[in-house]
Amino acid sequence: MPADLRERYARMRRLTERLCEPLAVEDFVVQSMPDASPTRWHLAHTTWFFERFALARWQSDRPFDPVYESLFNSYYNSVGEPFPRARRGLLTRPTVAQVFEYRHAVDQRMDRLLGDLGHADGQEAGAVVELGINHEQQHQELILTDIKHAFSCNPQLPAYRQLPTPAAGSSSPSNDWSGYDGGVVEIGHAGASFAFDNERPRHRQLLQPFEIQNRLVTSGEFLEFVNDGGYRRPELWLSLGWSMVRDEGWEAPLYWIMRDGDWHQFSLGGLHRLNPDEPACHVSFFEADAFARWSGARLPTEGEWEHAAAGAALRGSFVESERYHPAVADGERGMTQLYGEAWQWTASPYTPYPGYMAPPGALGEYNGKFMCNQYVLRGGSCVTPTEHMRATYRNFFPPETRWQFAGIRLARDPRK
Ligand SMILES: [Fe+2]
């Protein structure tokens, strides 16, 4: 087992609780929609993951509370019947305080496990703990994403925290493109370092020549689409996307609010005037796709994105920056904003790579069974933990999803 795992586990768990510090007890229990979960549930579910998949296997202690086995199981049908996702907000017990007790009890047991494990089981246990750490990092992002949605439902539009204001004079650089020759390239994760199963195996893909934007699409650019009637022109939309526009009354990205004749944007810092230089965020795949069509471009495939990102430094605003909002591009030349800021929708459906095999057992349910009706996003966001991100990382959401910190980077075929 890697020697630093014990320390990394403890550090990761502390970050989760630090993210909760600005919350009042009432904030922990609310569920604003079926897709979002209460903070309290995230705190308990991530703890359950370690208890169920590490402690139950390598320690003989009884479960903290057998009822939690169902209450905090998300979707692992092979270990029991999960409590219905859409009803997580109806649970007033265990209390928030009891969930923190549960976390700390499991932390003590995990510390013992991580300190005691002999070499025989060490490697397998280490892999499960590593998965648990990465799993909780995904939920750290969801805690902020979900509480933002919950706060947005409150007419007072409360702030999670006071956020730093952008430096005066910061403005996005001009919209340049980088060109790539394509050909047979390799994508996907290889080697012993951690990656989710859905990032493997590394394999070859044939890319046509392509160009890709050097930065994310800005709110100002997206506003031009809005002002050009983008949400009222069916020819720009995929059929399912147009149905969403009609059925849901979409007129702008989620969290854009018109006040006194000006567009404002709700963020984790509260309501502020829309900054046209910031990356556009909280758009669905359908909106990203319609914007691309309006721009005479398209979304990149995930192979194009990963090829363009290969070798690039992992730079950008992640959760540790405590910005909690996508930052304006810093004016550097070349490919920027690959990581952090806002997830980037790709044109690629979330499907298994050639040769993919879901792992055996309950943990095989982690990724593989969701490879249907979703699209891949790349790059991470301003609420993703830094060490969670890498070039091969594949996030995935249904195409109508808007509450995620998701934005747009365009691609296009080279001009003849
Ligand atoms: Fe989970």
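Our subject in this report is the structure included herewith.

Now for the pattern of salt bridges. All told, the structure shown has 33 salt bridges when counted by the stated rule. Here Arg233 and Glu235 are joined by a salt bridge, their closest N and O atoms 3.0 Å apart. For Glu235, a relative accessible area of 52% puts it in the exposed group. In this structure, Asp413 and Arg298 form a salt bridge, with 3.0 Å as the shortest nitrogen-oxygen distance. Taken together, the residues Asp413 in the segment after β12 (411-412) and Arg298 in the loop between α8 (285-294) and α9 (302-309) connect sequence positions 115 residues apart. What makes Asp413 partly exposed here is its relative accessible area of 47%. Looking at Arg298, the relative accessible area reads 22%, which means it is partly exposed. Via salt bridges that share partners, Glu7, Arg8, Arg11, Arg14, Glu130 and Glu387 belong to a single interconnected network.

In terms of burial, strand β8 (residues 343-349) is largely enclosed, as 5 of its 7 residues are buried. For β8 and strand β11 (residues 406-407), the ladder comprises 2 bridges, and the chain directions are parallel. Directly across from Gln344, in β11, lies its bridge partner Gly407. Sheet topology places β8 next to strand β9 (residues 375-378); 3 bridges connect them, and they run antiparallel. Looking across to β9, one finds that Trp345 is bridged to Leu377.

The next point concerns the coordination of the iron ion. For the iron ion, the full set of protein donor atoms is His45 (NE2), His135 (NE2) and His139 (NE2), at a range of 2.2 Å. As a motif over one chain, the donors of the iron ion read H-x89-H-x3-H. Of this pair, His45 sits in helix α2 (residues 39-58) while His139 sits in helix α5 (residues 119-152), and the two are 94 residues apart along the sequence. Classification of His45 as buried rests on a relative accessible area of 1%.

Moving on to the nonpolar core. One finds Met110 and Phe222 to be the most contacted residues of the largest nonpolar core, which totals 103 residues. Setting aside residues up to four positions removed in sequence, Met110 forms contacts with Tyr9, Phe50, Ala54, Leu55 and Val129. Judged by nonpolar contacts, the second largest core, of 7 residues, contains Val185, Phe210, Ile212 and Tyr353.

Okay, the sheet that holds β12 next. Overall, antiparallel pairing links the 3 strands, which are arranged β1-β4-β12 in an open sheet. Each of the sheet's edge strands pairs with one partner strand only, and the pair in question is β1 (177-180) and β12. Relative to β12, strand β4 (residues 210-213) runs antiparallel, the two sharing 2 bridges. Across the sheet, Glu211 pairs through a bridge with Arg412, a residue of β12. Most of the contacts of α9 go to β4, to which it runs at about 70°, and overall it touches β1, β4 and β12.

To continue, consider helix α7 (residues 239-248). Taken residue by residue, α7 has Gly241, Trp242, Met244 and Val245 as its buried positions. The arc that holds the buried residues of α7, viewed along the axis, is 155°, so those residues lie on one side. Facing away from the buried side of α7 by more than 90 degrees, the exposed set consists of Ser239, Leu240, Arg246 and Asp247. Close packing links the buried residues of α7 with α8. At the exit of α7 stands Gly249, carrying a positive phi of roughly 70°.

Quick look at the sheet that holds strand β5 (residues 256-259) now. By way of backbone hydrogen bonds, the strands of a sheet pair with one another, either parallel or antiparallel. Strand order in the open sheet made by the 3 strands is β5-β6-β7, with antiparallel pairing throughout. The open sheet has two free edges, formed respectively by β5 and β7 (270-273), since each of these has just one partner strand. Neighbour-to-neighbour, the strand axes of this sheet turn through a mean angle of 40°, independent of strand direction. Sheet topology places β5 next to strand β6 (residues 262-267); 4 bridges connect them, and they run antiparallel. Bridge pairing in β6 links Met258 to Trp263. Most of the contacts of helix α6 (residues 219-227) go to β5, to which it runs at about 70°, and overall it touches β5 and β6.

The subject of this paragraph is the packing of aromatic side chains. Applying the stated criterion to the full structure yields 39 aromatic pairs. Consider the rings of Trp343 and Tyr393, whose centres lie 5.8 Å apart with planes at 40°: the pair is tilted. With Trp343 in strand β8 and Tyr393 in the loop between β9 and β10 (395-397), the pair connects residues that are 50 residues apart, well separated along the chain. The class for Trp343 is buried, based on a relative accessible area of 2%. Overall, the relative accessible area of 3% leaves Tyr393 in the buried class. Here the guanidinium or amino end of Arg88 rests over the ring plane of Trp41, the centre of that ring lying 3.5 Å away. Above the ring of Tyr353, the side-chain terminus of Arg394 is found at 3.9 Å from the ring centroid.

Conventions adopted
- Residues numbered from 1 in each chain as written.
- Predicted model: local features only at pLDDT ≥ 70, side-chain atom pairs only at ≥ 80, totals over all residues.
- Heavy atoms only, no water.
- Salt bridge = Lys/Arg side-chain N within 4 Å of Asp/Glu carboxyl O.
- Buried < 20%, exposed > 50% of the residue type's maximum accessible area, 1.4 Å probe, protein only.
- Helix = DSSP H or I, 4+ residues; strand = E, 2+ residues; numbered from the N terminus.
- Pairing = 2+ DSSP bridges.
- Donors = N, O, S within 2.8 Å, 3.2 Å for Na, K, Ca; no water.
- Core = buried A, V, L, I, M, F, W, Y, C linked by side-chain atoms within 4.5 Å.
- Contact = heavy atoms within 4.5 Å.
- Axes fitted to C-alpha atoms, helices over the stretch in contact; angles between N-to-C directions.
- Arc of directions from axis to C-beta.
- Phe/Tyr/Trp six-rings, centres within 6.5 Å; stacked < 30°, edge-to-face > 60°.
- Lys NZ or Arg CZ within 6 Å of the ring centre and 35° of its normal.

These figures capture arrangement, not role.
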